[in-house]
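# Coordinates in review
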Amino acid sequence: MKVPFIDLHKQHQTIKPQIDRAINDVMATCDFIGGRAVYDFEKAFAKYCGASNCIGVGSGTDALYLSLRALGIGPGDEVITAANSFIATSETITHTGANVVFVDCDPNTFAMDVETTKMALTDKTKAILPVHLFGHPADMPALKSLADAHGVYLLEDAAQAHGAQIHGKSVGTFGHAGCFSFYPGKILGACGDAGAIITNDDKLASTIRMIANHGRTSKYDHAVEGVNSRLDSLQAAVLNVKLKHLDAWVEKRRNVARLYDTQLNGTGLTLPAESPSARHVYHLYVIRVPHERERLQAKLTEKDIASGIHYPTPLPILHAYRYLGHRSEDFPVATRLSKQILSLPIYPELTEEMVRYVCDTIKSVI
Ligand SMILES: *Cc1c(COP(=O)(O)O)cnc(C)c1O
């Protein structure tokens, strides 16, 4: 048996006729920028999340950059974010001209630690940017209290967390804006790059839309220099089809996670936690291997089981951030986790037989 890390072919086969029809509809109208497909998707995704506005943009990275810029964040400002994430979270802060301030994470949920965040606040702090890493929501009620008490913005990197909730409320709706990625491997993925921002602030929504479209206020009138980052109409058409399946796909991911939980219980591995108030959507199923992770991963590879490490190096320790002068010891939790984490295959189409094969292989090694 062969278990890939993700299988986009399998999912595509289940919805191919609808995707083909949606793409053909765009081709028939030749509305390649904007048009019905983008309008419909923005409406539908806002409704899905329970937000009043959705702005489709070019990627999840752009969603972060545009939100930060639209809030007026720039040179001299500080934005606090998680040490354990993908570099898109922090590079977009730097791209606005602001300084990125990294904080350590909670060992159980992998989310940015609230106490450490509190200690990182200064009079230069303009925003806090938590990441709903692997599909588990960060502690938004606590971070919101903190942000409100200090009068700073709260943004959410929800690139890995479509459909995740806290007490039934969708991620992306706790802060001033929520940023999503529709990169093909994400929980809701397009057939190329795409992203979106949700916000309940109408004025912020129109500022984001303006900056994403060259700072345009009318055809040849530009309030500021913006960027070109619009949601592609073909991608929007694909997303319209897929959004209808999102809840069912998330349920399937959760079922796969429950099966892993049962099968790996008692092995001494630390399994992903789910806070009582949270709905984890399992973009990734990340276990912690206390000893000899490399040996386990090599054995999985030998048995044709793909796995991953998200991420092998905490962001502040990357070469790109050497100028900040951080050391691993400054982020003890993120550093320890980075040496123990292992992501197992998880996607809606993963069969019970495959999960059992993965778990049996793991048990034979440890
Ligand atoms: C994927 C991802 C992004 C960036 O999204 P793109 O659409 O690839 O630009 C940002 N943050 C996190 C946590 C991600 O996983």
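What comes next is a walk through the structure. In this text, all values refer to a predicted model and were calculated from it rather than measured experimentally. (Residues numbered from 1 in each chain as written. Predicted model: local features only at pLDDT ≥ 70, side-chain atom pairs only at ≥ 80, totals over all residues. Heavy atoms only, no water.)

## Notes on helix α3 (residues 60-70)
- Burial of α3 is extensive: 8 of the 11 residues sit out of reach of the surface.
- Buried within α3 are the following residues: G60, A63, L64, Y65, L66, S67, L68 and A70.
- For α3, the side-chain oxygen to backbone nitrogen distance between the N-cap and T61 is 3.3 Å, and the N-cap itself is S59.
- Positive backbone phi, approximately 80°, marks G72, located one or two places after α3. (Buried < 20%, exposed > 50% of the residue type's maximum accessible area, 1.4 Å probe, protein only. Helix = DSSP H or I, 4+ residues; strand = E, 2+ residues; numbered from the N terminus. Polar contact = N/O pair within 3.5 Å; in protein donor to acceptor, adjacent residues only side chain to side chain.)

## What about the sheet that holds strand β1 (residues 53-57)?
- Pairing in this open sheet of 7 strands is mixed, and the strands run β1-β9-β8-β5-β4-β2-β3 from one edge to the other. Taken across any chain shown, the strands that pair with only one partner, and hence form the sheet edges, are β1 and β3 (99-103). Taken over all neighbouring pairs, the strand axes of this sheet differ in orientation by 25° on average, direction set aside.
- Bridge count between strand β5 (residues 153-157) and strand β8 (residues 177-181): 3 bridges; the pairing is parallel. (Pairing = 2+ DSSP bridges. Axes fitted to C-alpha atoms, helices over the stretch in contact; angles between N-to-C directions.)

## Focus on the layout of surface pockets
- What the largest pocket holds in volume is close to 550 Å³.
- Residue lining of the largest pocket: 27 residues in total, with Q160, Y183, K186, H283 and Y311 positioned closest to the centre.
- Those elements that place two or more of their residues in the lining of the largest pocket are α3 and α4 (87-95).
- For the lining of the largest pocket, the leading source of residues is α3, giving 3 residues. (1 Å grid on protein atoms, 1.4 Å probe; cavity = no way out; pocket = protein on both sides within 12 Å on 5 of 7 lines; lining within 4 Å. Points joined across faces, edges and corners; volume = space filled by probe spheres on them.)

On their own, these measurements won't tell you what the molecule is for.
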